[in-house]
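Letter by letter, the chains look like this.
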Amino acid sequence: MAQRLTLAHSPCPNDTFAFHAWTHGLLPEAPGLAVTLADIDVTNGLAERGGADLLKISYASLPYVLDEYVLLPCGGALGHGCGPLVLTRSGDGPAAGPGWLAGRTVAVPGVRSTAYLLFRLWVARAVPGGVGDIVVMPFHEIMPAVRDGTVDAGLVIHEARFTYRRYGLHRLADMGEEWEAGTGRPIPLGAIVARRDLGEEQLSAVARAAADSVRFAWDHPSASRPYVLEHAQEMAPDVIEQHIGLYVNDYTADLGQDGYAAVRELLGRAAAEGLVPAVTSGALDFPGTR
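These lines cover the structure that appears in this document, whether it is placed above or below. (Residues numbered from 1 in each chain as written. Predicted model: local features only at pLDDT ≥ 70, side-chain atom pairs only at ≥ 80, totals over all residues. Heavy atoms only, no water.)

**Describing the overall build of the chain**
Looking only at helices and strands, one finds 12 helices and 11 strands in the chain. Compactness check: the chain gives a C-alpha radius of gyration of 19 Å against a globular reference of 19 Å for 290 residues, within 12% of the reference. Seen through its C-alpha atoms, the chain measures out along the principal axes to roughly 60 × 40 × 30 Å. Counted over contacts in the chain with a minimum sequence separation of 6, partners at least 24 positions apart contribute 80%. Accessible surface computed for the chain: about 12400 Å², of which carbon and sulfur atoms make up 48%. (Helix = DSSP H or I, 4+ residues; strand = E, 2+ residues; numbered from the N terminus. Rg over C-alpha atoms; globule rule 2.2 N^0.38 Å. Contact = heavy atoms within 4.5 Å. Areas by Shrake-Rupley, 256 points an atom, 1.4 Å probe, with all protein chains shown as cover.)

**A few points about the packing of aromatic side chains**
Enumeration over the complete set of coordinates arrives at 3 aromatic pairs. Centroid distance Phe 19 to Trp 22: 6.4 Å. Interplanar angle 35°. Geometry classified as tilted. Here Phe 19 pairs with Trp 22, and both are found in helix 1 (residues 13-23), just 3 residues apart, close to one helical turn. Their ring planes at 40° and their centres at 6.0 Å tell us that Phe 119 and Trp 122 sit as a pair that is tilted. Highlighted residues: Phe 119 and Trp 122, both in helix 4 (residues 114-126), separated by 3 residues, approximately one helical turn. Assigned by exposure class, Phe 119 and Trp 122 land together as buried. An aromatic cluster of at least three residues, connected via ring pairs, comprises Tyr 116, Phe 119 and Trp 122. (Phe/Tyr/Trp six-rings, centres within 6.5 Å; stacked < 30°, edge-to-face > 60°. Buried < 20%, exposed > 50% of the residue type's maximum accessible area, 1.4 Å probe, protein only.)

**Description of the side chain of Asn 249**
As for its placement among the helices and strands, Asn 249 is situated in the loop between helix 10 (237-247) and helix 11 (250-253). Polar contacts involving the side chain of Asn 249 include one to the main-chain amide nitrogen of Tyr 251, which spans 2.9 Å. If near-sequence neighbours (up to four positions away) are discounted, Asn 249 is found in contact with Leu 78, Gly 79 and Trp 218. (Polar contact = N/O pair within 3.5 Å; in protein donor to acceptor, adjacent residues only side chain to side chain.)

**Some details on the nonpolar core**
Core analysis: the biggest nonpolar cluster contains 91 residues, and Trp 22, Leu 62, Leu 101 and Phe 119 have the highest contact counts within it. The next biggest cluster of nonpolar side chains, apart from the first, holds 13 residues, and it includes Ile 142, Val 151, Ala 160 and Tyr 164. (Core = buried A, V, L, I, M, F, W, Y, C linked by side-chain atoms within 4.5 Å.)

**Section: the pattern of salt bridges**
For the structure shown, the criterion picks out 15 salt bridges. For Asp 174, the salt bridge goes to Arg 161, with nearest N and O atoms at 3.2 Å. Here Asp 174 is found in strand 10 (residues 169-174), whereas its partner Arg 161 is found in helix 6 (residues 160-163), with 13 residues between them in sequence. Here the two residues Asp 174 and Arg 161 agree in accessibility, since each one is buried. A salt bridge links Arg 185 to Glu 265; the shortest N-O distance between them is 2.7 Å. (Salt bridge = Lys/Arg side-chain N within 4 Å of Asp/Glu carboxyl O.)

**A word on the packing of helix 4 against helix 7 (residues 175-183)**
Where helix 4 contacts helix 7, the two axes come as close as 10 Å, and the packing angle between them is 70°. Compared by their axis directions, helix 4 and helix 7 come out roughly perpendicular. Along the contact surface, helix 4 presents Leu 118, Phe 119, Trp 122 and Arg 125, while helix 7 presents Met 175, Glu 178 and Trp 179. For the contact of helix 4 with helix 7, the class distribution of residues is 5 nonpolar, no polar and 2 charged. (Axes fitted to C-alpha atoms, helices over the stretch in contact; angles between N-to-C directions. Parallel < 35°, antiparallel > 145°, perpendicular 65-115°, else oblique. Nonpolar A, V, L, I, M, F, W, Y, C, P; charged D, E, K, R; others polar.)

**A short note on helix 12 (residues 256-272)**
An α-helix turns once every 3.6 residues. As a result, residues three or four positions apart point the same way. In a regular helix each residue adds 1.5 Å, so 17 residues correspond to 24 Å; helix 12 covers 24 Å between its end C-alpha atoms and thus fits that length. Buried residues of helix 12: Gly 259, Tyr 260, Ala 262, Val 263, Leu 266, Leu 267 and Ala 270, and no others. Down the axis of helix 12, the buried set is contained in an arc of 155°. They therefore lie on one face. In helix 12, the exposed positions angled more than 90 degrees off the buried face are occupied by Gln 257 and Ala 272. Note on helix 12: the residue one or two positions beyond its end, Gly 274, has a positive phi of about 75°. (Expected span 1.5 Å × (residues − 1). Arc of directions from axis to C-beta.)

The structure is reproduced here in structure tokens:
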């Protein structure tokens, strides 16, 4: 039996939904997989250490790993109306606006997260003097920390956009709205990368399998339900459906020109501000597509 490729991605519903068919051997021509589920901050670190053949990482981490990994044209998370939110307690911030954050402590889901990169780009323009301390937390701990006053504000991702009101929190700003208003492009959030040394033939097979897995999920939406529920135990079924519907979209099946343009714009703006290394021309191209 051929050695299985290693894949690390988050346990979030969009990833378990999209990769269910491939993970469970339902794609006869796809390479075999050994899957690890881990928080995005963990997979970002794994990519920087070359810790798996395939990984779901933040686009903000992509410039740091492009020497060893190539961006797949499918399987990731981009979209409209799906950006990270800046949350405060309901009595804080709303009247003062973004300037209220000046000098405040903010919890974020990782310093190499796309959410934090979008936040930094926004703060540089919207918060004179900048924020105060940045505290890194697993994303599921951020809303309770804001609610309990452990931090002044939180930068949240994933299903938090559907559930933050349950914690009595207020949306101070939407990083996705800010990005879309300024660029007109979809919001790049999570990327699927594969080791360059797999070679062009295997990379092509991997890209086909990722796209086929997404399409299988759409064609058989109930097939993945037990797997998705197993790893989303704290989410209500309606939140899971909203999560999948928002984050698994046409860009997941194929980045396309608009998706690639959004990624280049994000990384270009961030590099111009000195927030990430500059990405060289052609570094985002998938082998065989140039």
